[in-house]
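Observations on the model geometry
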Amino acid sequence: MAIIQRNNLDIYDDVAADWWSDDIRWVRTLKNLVPGRLGWFNRHIDWVGKTVLDLGCAGGFMAEALTRNGANVTGIDPAAQAIVAAAARAKHMDQTIQYDVGVGENLPYPDDYFDAVVCVDVLEHVTDLTEVLAEVARVLKPGGLFLYDTINRNIIARLATITIAEDVLRLLPKGTHDPTMFIKPRELRDALVEAGFVVGPQIGLGPRGLNRRGDIIFGQLPIKAVLYMGIARLPEFTK
């Protein structure tokens, strides 16, 4: 039996040419998550005129949505071909979005540069969570906002994301996630405090129905058993 590579990030480059085609079900799933995320994020920030980093932007679904909401967006991702696709899409749509290839552990931006950093479907994949959060804190302005989502680490999350989503329903390619890298909400809150953040609320994210194509519609949930979102803010004058 073939050994499945876990935390396989090559999948984003593999589908880069078809990222915006709507032909690949798991890519549509990532696209369909954006409204559910923004529905909650929008309660905590007015995007208009804000300088925003989309950390782990892949092919640009969130970056494009943030731009439509009035933000000045930079996207960064280690998947070089996905970044090429994102930049081509931005040009086609006449959108001003800067796209860069890079990793969260070593962001190529100055200190105190962004008003907000958005980081979705990323923290459960990174090599060094502590270093990523330190870099996020470094590039944020005093008072800057960090908005994120990730996956809880427990048997229910493993069943939902690995057994059901990857193995049974094929909503994600096999090997997308390594369940040992999932992060409990308390662990993430503690890591954020250690990085210098004031931790805000967290809330669940998950299925709220199906669209006409049979794809999942995502939105807020009262429980954080599987996916959860949260915000954290830097103090105003501590740097």
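In this report, the structure presented in the accompanying data block is examined.

The rules behind these values
Residues numbered from 1 in each chain as written. Predicted model: local features only at pLDDT ≥ 70, side-chain atom pairs only at ≥ 80, totals over all residues. Heavy atoms only, no water. Core = buried A, V, L, I, M, F, W, Y, C linked by side-chain atoms within 4.5 Å. Buried < 20%, exposed > 50% of the residue type's maximum accessible area, 1.4 Å probe, protein only. Helix = DSSP H or I, 4+ residues; strand = E, 2+ residues; numbered from the N terminus. Contact = heavy atoms within 4.5 Å. Pairing = 2+ DSSP bridges. Lys, Arg positive; Asp, Glu negative; His and termini not counted. Salt bridge = Lys/Arg side-chain N within 4 Å of Asp/Glu carboxyl O. Axes fitted to C-alpha atoms, helices over the stretch in contact; angles between N-to-C directions.

Section: the nonpolar core
Most often, soluble globular proteins keep nonpolar side chains buried together rather than apart. Counting residues in each nonpolar core, the largest one holds 50 residues, and the members touching the most others are W19, W26, F41, W47, L66, V118 and L147. Counting residues per element, this core draws most heavily on helix α2 (residues 25-41), at eight residues. Excluding its chain neighbours within four sequence positions, the residues that come into contact with W19 are Y12, W26, V27, L30, A58, G59, G60 and F61. Listed in part, the 27 residues of the second largest apolar core include L123, A137, L188 and Y228.

Considerations on the pairing of strand β6 (residues 198-210)
In terms of strand pairing, β6 meets strand β8 (residues 227-233) through six bridges, oriented antiparallel. Among the inter-strand pairings, Q202 is bridged to a residue of β8, identified as G230. In this structure, β6 lies alongside strand β7 (residues 216-221), joined through six bridges in antiparallel fashion. Following the sheet pairing, G209 is matched in β7 by I217. Turn length for the β6-β7 hairpin, with the two strands adjacent in sequence and antiparallel, is five residues, and the turn residue G214 shows positive phi of about 85 degrees.

Some remarks on the side chain of D54
Tracing the backbone through its elements, the reader meets D54 in strand β1 (residues 51-55). Despite its burial, D54 remains without a salt bridge, the nearest opposite charge being carried by R37 at 8.2 Å. In this structure D54 touches M62, A63, V73, T74, G75, I76 and V118, once residues within four positions along its chain are discounted.

Side note on the sheet that holds β6
If you walk across this open sheet you meet the eight strands as β3-β2-β1-β4-β5-β8-β6-β7, and the pairing is mixed. Each edge of the open sheet carries a strand with a single partner, namely β3 (98-101) and β7. Recorded for the sheet is a direction-independent mean angle of 20 degrees between the axes of neighbouring strands. Sitting on the sheet, helix α5 (residues 129-139) is in contact with β1, β4 (114-119) and β5 (140-151), with an inclination near 145 degrees to β5. In this fold helix α7 (residues 185-194) packs onto β5, β6 and β8, with an angle of close to 145 degrees to the strand it touches most, β6.

Re the environment of E187
Topologically, E187 is positioned in helix α7. Classification of E187 by relative accessible area gives partly exposed; the value is 33%. The spatial distance from the C-alpha of E187 to the C-alpha of V101 is 28 Å, given a sequence separation of 86 residues.

Here's the deal with the side chain of E124
Assignment of secondary structure puts E124 in the loop between β4 and α5. Buried charge without a partner: E124 forms no salt bridge, and the closest opposite charge is R37, 6.5 Å away. When residues no more than four places from it in sequence are discounted, the contact partners of E124 are N7, D149, T150, I151, H177, M181, F182 and I183.

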